[in-house]
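So the chains spell out like this:
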Amino acid sequence: MRRRIRRHRWPIAVVAATAAAIALVGTISAHADRAPGGAAGRTGTGWSDTEGGWSEPAAPPSELSATARPTPPAAPDRFVTLPPGATLPSGAQCATWVRSRPSAENKGMNLMANSTTGHRIGADIFDDDRADAQIAPRVDGAFTGSTRDILRWAACKWGVDESLVFAQAAVESWWRQTVFGDYGTDARRCAPGHGLGVDGRPGECPESFGILQDRHPYQKSAWPGVARSTAMNVDLAYSIWRGCFEGYEGWLNEEDRGEPYRAGDQWGCVGRWFSGRWRTPDSEDYIAKVQDYLNRRIWEDRDFQQP
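Cut-off values and rules
- Residues numbered from 1 in each chain as written.
- Predicted model: local features only at pLDDT ≥ 70, side-chain atom pairs only at ≥ 80, totals over all residues.
- Heavy atoms only, no water.
- Buried < 20%, exposed > 50% of the residue type's maximum accessible area, 1.4 Å probe, protein only.
- Helix = DSSP H or I, 4+ residues; strand = E, 2+ residues; numbered from the N terminus.
- Pairing = 2+ DSSP bridges.
- Disulfide = S-S within 2.5 Å.

(A) The pairing of strand S3 (residues 205–209), seen in detail. For S3, the buried fraction is high: 5 of the 5 residues fall into the buried class. Here 4 bridges tie strand S2 (residues 179–184) to S3, and the two strands are oriented antiparallel to one another. Paired with Gly184 across the two strands is Cys205, which belongs to S3. Sheet topology note: the S3/strand S4 (residues 214–215) ladder contains 2 bridges and is antiparallel. Counted as the bridge partner of Phe209 is Asp214 from S4.

Dropping the structure here:
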């Protein structure tokens, strides 16, 4: 099947030399792409349950007067991982919650990409029919804000713990949308405008782009949004994580694996992003790196700040 790849290379930043040195702290991702669906109820948020899940907010009763309005759900203190089948809030709801508690910018090189929204994707990214029907239509990168706010927005939208998102983005790019990675020599795998030698490495071109290092050869319909828009980059990456978490990537049981693939393993799906395999030694090494950054809360370190 397509897109079952592994890779083990380091990111290269297309920014000042000092910033590039920082970017190489993290390992760069390897992804074999696919995704989710399903639903169960989520209480206390105003989200209605449906057989297919992923529902919109319940409409207010028609008998409400013009002055009586339903109380909107309060913004969560933090976004946490929601179980497989959970009803996920819309991107618009997440935007409202995140903007109610905005964060200052700490990565000045992202300002242009942070103010750029994304676009819809095609049918080339997910292989599962449920993912094509329920996940792919939600990907749009429709958010602008600070880098931290964008990461929180995606965490909310896809039901993944925000600290996990912060840590993984630090490993992948040091939170910089300007990072390029996974350089190769096959011109057929180069992204438009990034042919062999264009980005400073003779005979090579980058395959991966942005804050989560989305990989172009396997996500072509997400181009150019994943390179131009931080929100699009993160939105796509965690839509793929959610598909894995929901259990829609059965192809992982046909590849090298350390144990049988299963739904509901958030860290297994983090490792799969890097290696394209399930719980292999390479996956476990990557998981340990992300967990180390999470435990250290490295995004709060003084040296991490580049306003």
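(B) Fine view of the state of the cysteines. This model, assessed by the stated rule, comprises 3 disulfides. Bridging Cys94 to Cys156, the disulfide has an S-S length of 2.0 Å. Because the sign of the S-S torsion sets the handedness, a value of about -75° for the bond joining Cys94 and Cys156 places this disulfide among the left-handed ones. Taken together, the positions of Cys94 in helix H2 (residues 91–99) and Cys156 in helix H5 (residues 147–158) put the pair 62 residues apart, joining distant regions of the chain. The class of Cys94 is buried, set by a relative accessible area of 0%. One disulfide bridge connects Cys190 with Cys205, the sulfur atoms lying 2.1 Å from each other. Between Cys190 and Cys205, the S-S torsion sits near -95°, and that sign places the bridge as left-handed. Here Cys190 is found in the loop between S2 and S3, whereas its partner Cys205 is found in strand S3, with 15 residues between them in sequence.

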